[in-house]
Amino acid sequence: MRWFLSLLVGFAATGAAFITRGARVPATRREAKPAADDVDEGEFEKALAAMTSFSNRYVKLSKTKYCAEPSVTSVVIRGLAEHKVALGAPLCPCRFYECKESEAKDGYWNCPCVPMRERKECHCMLFLTDDNDFVGESTDITVDEITALTAM
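Presented here is an overview of the structure given in this document. Along each chain, residue indices are assigned from 1 in the same order as the chain's sequence is written. Since the coordinates come from a predicted model, pLDDT governs what is reported: local features require at least 70, and pairs of side-chain atoms require 80 or more to be given and counted, while whole-chain, interface and lining totals use all residues. Hydrogens are left out, water is left out, and the side-chain values use all remaining heavy atoms of the structure.

As a further point, take the environment of P115. In this description a helix means any DSSP run of H or I spanning at least four residues, a strand means any run of E spanning at least two, and both kinds are numbered starting from the N terminus. Of note, P115 is situated in helix α5 (residues 114–119). Any two residues whose heavy atoms approach within 4.5 Å at even a single point are treated as in contact. Residues contacting P115, with those up to four places away along its chain left out, are Y108, W109, K120 and E121.

Residues are said to line a cavity or pocket when one of their atoms sits within 4 Å of a point; the points come from a 1 Å grid over protein atoms alone, cavities being sets where a 1.4 Å probe fits but cannot get out and pockets being open sets with protein on both sides within 12 Å along at least five of seven lines. Grid points are joined across faces, edges and corners, and a volume is the space filled by probe spheres set on the points. Taken as a whole, this structure holds two cavities of 30 Å³ or more when the rule is applied. Counted as a void, the largest cavity has a volume near 90 Å³. Along the wall of the largest cavity there are 15 residues; nearest its centre are C92, C111, C113, C122 and C124. Classification convention: Asp, Glu, Lys, Arg as charged; Ala, Val, Leu, Ile, Met, Phe, Trp, Tyr, Cys, Pro as nonpolar; all other residues, Gly among them, as polar. Grouping the constituent residues of the lining of the largest cavity by class yields 13 nonpolar, two polar and no charged.

With that settled, consider the packing of helix α2 (residues 41–61) against helix α3 (residues 70–87). Between the N-to-C directions of two axes lies an angle of 0 to 180 degrees, each axis being a line fitted to C-alpha atoms and, for a helix, fitted only over the stretch in contact. Following both chains from N to C, one finds α2 and α3 inclined at 125°, their axes separated by 8 Å at the closest point. Classified by the angle their axes make, α2 and α3 are oblique. When the axes of α2 and α3 are compared, the crossing they make is right-handed. Side by side, α2 and α3 meet where E43, F44, A47, L48, M51, T52 and S55 of the first sit next to I77, R78, L80, A81, E82, K84 and V85 of the second. Residues belonging to the contact of α2 with α3 are distributed by class as follows: eight nonpolar, two polar and four charged. Orientation categories follow fixed angle ranges, with anything under 35 degrees roughly parallel, anything over 145 roughly antiparallel, 65 to 115 roughly perpendicular, and all other angles oblique. Crossing handedness follows the turn of the near helix against the far one: under a right angle anticlockwise gives a left-handed crossing, and clockwise gives a right-handed one.

Honestly, it's all geometry; don't read function into it.
Structure representation (structure tokens):
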């Protein structure tokens, strides 16, 4: 289990994807991802606080728990906050998209995504049911924990 979590954290931290969804936008219409330097720090901190608060509420509302490895939870929430700032929506950070802007507008992969809302299947391992091998006991995380666990 430990090796899988290390692999997952590594993939999430690099922005790599595990499963892709078919592209609906031709490659010629791809838009460049905004550089991390283009994001206003105050705006990001506000988005991180909002996504942390949302996640803590939703984990309780959905009767799920966070991953046993808190760095997984932290990387996913940080990715959601980055997308919230860059795209205006908390697009799932664990997937590959031909056009993130189009996917954010579509809403299917905006957190909580349709598979999570309909079947309690969270691709990012943010919201886990009790029958998941990687489920932890935690239903709460702080911005300070996320910042410490995702410091670059």
